[in-house]
Amino acid sequence: MKILITGGAGFIGSNFIRYILKTHPDHRVVNLDALTYAGNLENLRAVAEAEGGGPRARYQFVKGDIREVKLVDRIVADGVEAIINFAAESHVDRSIDNAGIFIETNVLGTQVLLDAALRHQVQRYVQISTDEVYGSLGPTGKFTESTPIAPNSPYSASKAGADLLVRSYYETFKLPALITRCSNNYGPYQFPEKLIPLFITNALSDQHLPLYGDGLNVRDWIHVEDHCAAIDCVLHRGTPGEVYNIGGNCEKTNREITRIILQELDKPESLIRFVKDRPGHDRRYAIDSTKIMRELGWAQNYNFQTGMQETVTWYSHNREWWTRVKSGEYRDFYQRWYGNR
Ligand code: NAD
Ligand code: TYD
């Protein structure tokens, strides 16, 4: 199967590319990524070295924007059988700062991909969405696939808009489209602006850990590789037109996460700084994954404690990666790697 993966140079996309090439020797991947601040080809250096180059390569990278109609059309026309759309502006705080690019990429970009999928009769279109489209939960209950959509941030509103477009292409045109809604991911290669990698890297540098509000907001954490395995199930066995929730069954307050990181690194609690809350800050997310477990046979592999230990160790051992990412220096890699090809 030839798969177009968009946003493959980001956190989840790069983990997914490694996962799918390892688990499906018969699959080929085209990675279309605009390399925004969050995209980093260093995440895929080993893949490019092992699988890239030559006409029979299983991995190909194209630098480009999902909003570029002609570029997307040309790529999809060249034998693409499935599209998985990871490309997005993904950080809630940035969406509060400036919402425009979120609508551009997350909504308009999705429409460009859907049109190309339709034109070239792609067999599968998988939209990587988020549990944040459901809004915020009270102290009890979990999000199911029939929970009404009620996004609270410009980020989650743009993801919800994209989900509705995907739904409409299934209903109107019978495009074989599926949607996944996953909870908060953690693991290697996550951009250090999100809670876990930000706090690990700040703690490693003895810098403050800025906890929003009272630090008691709850997220349902899942290891990125378990998310990748779930997307694999949906790609191969999911029913078109359906939504699949994916969760870690692992609710933690931000204070708990912070304490785990400080303990793992043997750093003092005095590094914590309580700072002004995020506006519209969702209080609690929790996902009910019964549907994907029952219907597609997905199950989690990671236990949170060992997953977090591995993750903290990964950031401790890959200081060069995050130091470069934090300084923006990783962009040089692109020039070095592709500049003369
Ligand atoms: P990320 O920010 O790490 O990566 C996004 C990638 O998309 C980057 O490589 C970036 O260069 C690329 N991109 C951005 N705009 C583009 C454009 N216009 N054209 C082409 N490429 C573009 O994000 P992530 O955390 O890996 O998230 C991937 C997807 O999963 C997103 O759609 C996000 O909404 C969803 N999601 C994330 C989480 C999470 O916890 N991180 C949870 C659930 C769902
Ligand atoms: P984040 O990683 O941005 O994911 P999301 O907002 O999409 O769930 O944030 C996770 C939680 O951590 C969220 O409740 C906000 C909180 N948070 C902080 O307290 N301080 C920070 O510096 C960041 C980035 C997040």
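Asker: Just to check I follow, could you spell out the overall build of the protein chain for this structure?
Answerer: Along the protein chain, the regular secondary structure elements total 13 helices and 13 strands. For the protein chain, whose C-alpha radius of gyration is 19 Å, the value lies close to the compact-globule estimate of 20 Å for 341 residues. In terms of principal-axis extent, the alpha carbons of the protein chain reach across some 55 × 50 × 40 Å. Taking all 341 residues of the protein chain together, the buried fraction comes to 55%. Counting only contacts in the protein chain whose residues sit at least 6 apart along the sequence, the fraction spanning at least 24 positions is 84%. Roughly 14700 Å² of accessible area belongs to the protein chain as shown, and the carbon and sulfur atoms make up 48% of that amount. Each charge sign in the protein chain was given a centre, from 39 positive and 41 negative side chains, and these centres are 2 Å apart.

Asker: Hey, could you run me through the site of ligand 1 in this one?
Answerer: Taken together, 28 residues sit near ligand 1, with Ile-12, Asp-33, Ser-90, Tyr-155 and Lys-159 positioned nearest. Within the backbone of Asn-185, an N or O atom sits 2.9 Å from an oxygen atom of ligand 1. Computed on the free molecule, ligand 1 has an accessible area of 840 Å², of which 97% lies beneath the protein chains in the complex. Elements that contribute at least two residues to the shell around ligand 1 include exactly α1 (11–23), β5 (124–130) and α6 (154–173).

Asker: How should the nonpolar core be read in this particular structure?
Answerer: In summary, soluble globular proteins display a tendency toward joint burial of nonpolar side chains. In this structure, Phe-16, Ile-17, Tyr-59, Ile-84, Phe-86, Ile-292 and Trp-298 are the most contacted members of the largest nonpolar core, which totals 39 residues. The element that contributes the greatest number of residues to this core is helix α8 (residues 224–237), accounting for 8 residues. In this view, Ile-292 contacts Ala-230, Val-234, Tyr-244, Asn-245, Ile-246, Gly-297 and Trp-298; residues no more than four positions away in its chain are not counted. Membership of the second largest hydrophobic core comes to 33 residues, among which are Val-62, Leu-71, Val-72 and Ala-160.

Asker: Where do I start with helix α7 (residues 195–204) in this structure?
Answerer: Of all 10 residues in α7, 8 are buried, a share of seventy percent or more. Of all the residues in α7, the buried ones are Ile-196, Pro-197, Phe-199, Ile-200, Thr-201, Asn-202, Ala-203 and Leu-204. Residues of α7 that are buried in the fold lie against β7 (185–186), β8 (209–212), α9 (254–265), α11 (304–317) and α12 (319–327). Directly after α7, the chain includes Asp-206, whose backbone phi takes a positive value near 55°.

Asker: Teacher, can you tell me more about the pattern of salt bridges here?
Answerer: Pairing is possible between side chains of opposite charge, provided their charged atoms come close. The final tally for this structure, using the stated rule, is 15 salt bridges. Here Arg-324 makes a salt bridge to Glu-42, at a shortest N to O gap of 2.6 Å. Within this pair, whereas Arg-324 is found in helix α12, its partner Glu-42 is found in the loop between β2 (28–33) and α2 (45–51), the two being separated by 282 residues in sequence. For the pair formed by Arg-324 and Glu-42, the shared burial category is buried.

Asker: Just checking my understanding: could you explain the sheet that holds strand β3 (residues 59–63) for this structure?
Answerer: Across a sheet, paired strands are connected by hydrogen bonds in the backbone, their directions being either parallel or antiparallel. Taken together, 7 strands build an open sheet; the order of strands is β3-β2-β1-β4-β5-β6-β11 and the sheet is parallel. A single partner strand is all that each edge strand has here, and the edge strands are β3 and β11 (243–246). Strand after strand, the sheet turns through a mean of 20° between neighbouring axes, direction not considered. Where β5 and strand β6 (residues 177–182) come together, 6 bridges link them in parallel fashion. Residue pairing for β6: Gln-127 is matched across the bridge by Ile-179.

Asker: Before we go on, may I ask you to explain the packing of helix α3 (residues 69–77) against helix α5 (residues 100–119) in this structure?
Answerer: For any two helices packed against each other, one specifies the inter-axial angle together with the distance between the axes. In contact at an axis separation of 9 Å, α3 and α5 are set at 35° when each is read in the N-to-C sense. For the pair α3 and α5, the crossing hand works out as right-handed. Contacts between α3 and α5 pair Val-69, Val-72, Asp-73 and Val-76 from the former with Val-112, Leu-113, Ala-116 and Arg-119 from the latter. Within the contact of α3 with α5, the residues separate by chemical class into 6 nonpolar, no polar and 2 charged.

Asker: How should I be thinking about the site of ligand 2 in this particular structure?
Answerer: Inspection of the region around ligand 2 gives 18 residues, with Glu-132, Pro-210, Arg-219, Arg-278 and His-281 positioned closest. Between ligand 2 and Asn-184 there is a distance of 2.9 Å, counted from an oxygen atom to a side-chain nitrogen or oxygen. Between ligand 2 and the protein, one listed contact pairs an oxygen atom with a side-chain N or O atom of Asn-254 at 2.9 Å. Elements represented by at least two residues in the shell around ligand 2 include exactly α7 and β8. In terms of residue class, the shell around ligand 2 is made up of 8 nonpolar, 5 polar and 5 charged.

Asker: How should I be thinking about unusual backbone geometry in this particular structure?
Answerer: Not every positive phi belongs to a glycine, and Asp-206 is a case in point at roughly 55°. Topologically, Asp-206 is positioned in the loop between α7 and β8.

Asker: How should the pairing of strand β4 (residues 82–85) be read in this particular structure?
Answerer: It is a general feature of regular strands that their side chains alternate between the two faces of the sheet. Neither face of β4 is left uncovered, since the one carrying Ala-82 and Ile-84 and the one carrying Ile-83 and Asn-85 both have all their residues buried. Bridging between β4 and β5 involves 4 bridges; their strand directions are parallel. Across the sheet, the residue bridging to Ala-82 is Arg-124, located in β5.

Asker: Hey, could you run me through the packing of α9 against α11 in this one?
Answerer: Orientation of α9 relative to α11, taken along the N-to-C sense of each, is 60°, at an axis distance of 10 Å. It follows from the interaxial angle that α9 and α11 lie oblique. Helix-helix and strand crossings are classified by hand; for α9 and α11 the assignment is right-handed. Together, Ile-257, Ile-260, Ile-261, Glu-264 and Leu-265 of α9 and Phe-304, Met-308, Gln-309, Val-312 and Ser-316 of α11 make up the contact between the two elements.

What counts and what doesn't
Residues numbered from 1 in each chain as written. Chains lettered and ligands numbered in written order. Predicted model: local features only at pLDDT ≥ 70, side-chain atom pairs only at ≥ 80, totals over all residues. Heavy atoms only, no water. Helix = DSSP H or I, 4+ residues; strand = E, 2+ residues; numbered from the N terminus. Rg over C-alpha atoms; globule rule 2.2 N^0.38 Å. Buried < 20%, exposed > 50% of the residue type's maximum accessible area, 1.4 Å probe, protein only. Contact = heavy atoms within 4.5 Å. Areas by Shrake-Rupley, 256 points an atom, 1.4 Å probe, with all protein chains shown as cover. Lys, Arg positive; Asp, Glu negative; His and termini not counted. Charge placed at Lys NZ, Arg CZ, Asp CG, Glu CD. Near = heavy atom within 4 Å. Polar contact = N/O pair within 3.5 Å; in protein donor to acceptor, adjacent residues only side chain to side chain. Core = buried A, V, L, I, M, F, W, Y, C linked by side-chain atoms within 4.5 Å. Salt bridge = Lys/Arg side-chain N within 4 Å of Asp/Glu carboxyl O. Pairing = 2+ DSSP bridges. Axes fitted to C-alpha atoms, helices over the stretch in contact; angles between N-to-C directions. Left-handed = near helix turned anticlockwise from the far one by under 90°. Nonpolar A, V, L, I, M, F, W, Y, C, P; charged D, E, K, R; others polar. Parallel < 35°, antiparallel > 145°, perpendicular 65-115°, else oblique.

Distances and angles like these do not, on their own, reveal function.
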